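Coordinate inspection notes
Take a look at the letters that make up each chain.
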Amino acid sequence: MRLAGNIAAFDEGDQDSQDFAELAQGLDGIKVFITEDAGISEDMGKTVKKYLKSSNLEELMKVKDKDATVKFYIKEGRDEDHVSELLLFVSDINSDELDMGNRKFESVLVSLTGDIDLNKIGALTRKMNLPEELNEVGGR
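Here the protein averages 78 in pLDDT, while 71% of its residues score no lower than 70. Across residues 1-8, where pLDDT falls below 50, the model places 18 contacts with residues more than four positions away in sequence or in other chains.

As structure tokens, this is what we get:
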């Protein structure tokens, strides 16, 4: 059973909404972990490294700037436009440079599993306010 098998509330005239609905229908799971604690952030980094060694994920892209370091990992899917897992790990977050209200995030970890169409990722980034660098994933 798919995680978001029946998304009825989208604007049929809006391509982003259609892309998002199609992408969501292919998802089996979404996990999001966010911490404001430096110790937990360090543990998250160690856990990600350990998981990467035991999985078939490969680094797709790394984006580092003054605000954060964002790493994207993927596991192959049914063809070159699809992946079965997309892992996003954001660390070294400079909360002083980012407008997050009074929150001081240390790390963010997002795992998407299922049949993920990389060409639809742009819709996901816009609808869920994920990092815009994900838009580049479809053009890998």
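Next up on the list: the environment of A68. Within the fold, A68 resides in the loop between β2 (58-64) and β3 (69-76). In this structure A68 comes out as buried when scored by relative accessible area, which is 9%. In sequence terms A68 and V90 are 22 residues apart; their C-alpha atoms lie 6.7 Å from each other. Leaving out residues up to four positions away in the same chain, A68 has contacts with V63, V90, S91, D92 and I93.

Our next topic: the nonpolar core. If you look at soluble globular proteins, the nonpolar side chains tend to sit buried side by side. Membership of the largest hydrophobic core comes to 20 residues, with the highest contact counts inside it found for V90 and I116. When residues of this core are traced back to their parent elements, those giving at least two are β2, β3, β4 (82-91) and β5 (107-117). With near-sequence residues (within four places) excluded, I116 lies in contact with L23, L27, D81, H82, V83, S84, E85, L86 and I121. Judged by nonpolar contacts, the second largest core, of 8 residues, contains V48, L52, L57 and L109.

Attention now moves to the side chain of S55. Positionally, S55 belongs in the loop between α2 (38-54) and β2. Looking at S55, the relative accessible area reads 13%, which means it is buried. Within the structure, S55 has its side chain in polar contact with the backbone nitrogen of L57 (distance 3.3 Å).

So, about the sheet that holds β4. Sheet architecture is open: 5 strands sit in the order β1-β5-β4-β3-β2, paired in antiparallel fashion. Unpaired on one side and paired on the other, β1 (27-35) and β2 mark the two borders of the sheet. Between one strand and the next, the sheet's axes are offset by a mean angle of 15°, whatever the strand orientation. Here β3 runs beside β4; their pairing, made up of 8 bridges, is antiparallel. In the strand pairing of β4, E76 is matched with V83. Sheet contacts for α2: β1, β3, β4 and β5; angle to β4, the most-contacted strand, approximately 150°.

Rules used throughout
- Residues numbered from 1 in each chain as written.
- Predicted model: local features only at pLDDT ≥ 70, side-chain atom pairs only at ≥ 80, totals over all residues.
- Heavy atoms only, no water.
- pLDDT = per-residue confidence, 0-100.
- Contact = heavy atoms within 4.5 Å.
- Helix = DSSP H or I, 4+ residues; strand = E, 2+ residues; numbered from the N terminus.
- Buried < 20%, exposed > 50% of the residue type's maximum accessible area, 1.4 Å probe, protein only.
- Core = buried A, V, L, I, M, F, W, Y, C linked by side-chain atoms within 4.5 Å.
- Polar contact = N/O pair within 3.5 Å; in protein donor to acceptor, adjacent residues only side chain to side chain.
- Pairing = 2+ DSSP bridges.
- Axes fitted to C-alpha atoms, helices over the stretch in contact; angles between N-to-C directions.

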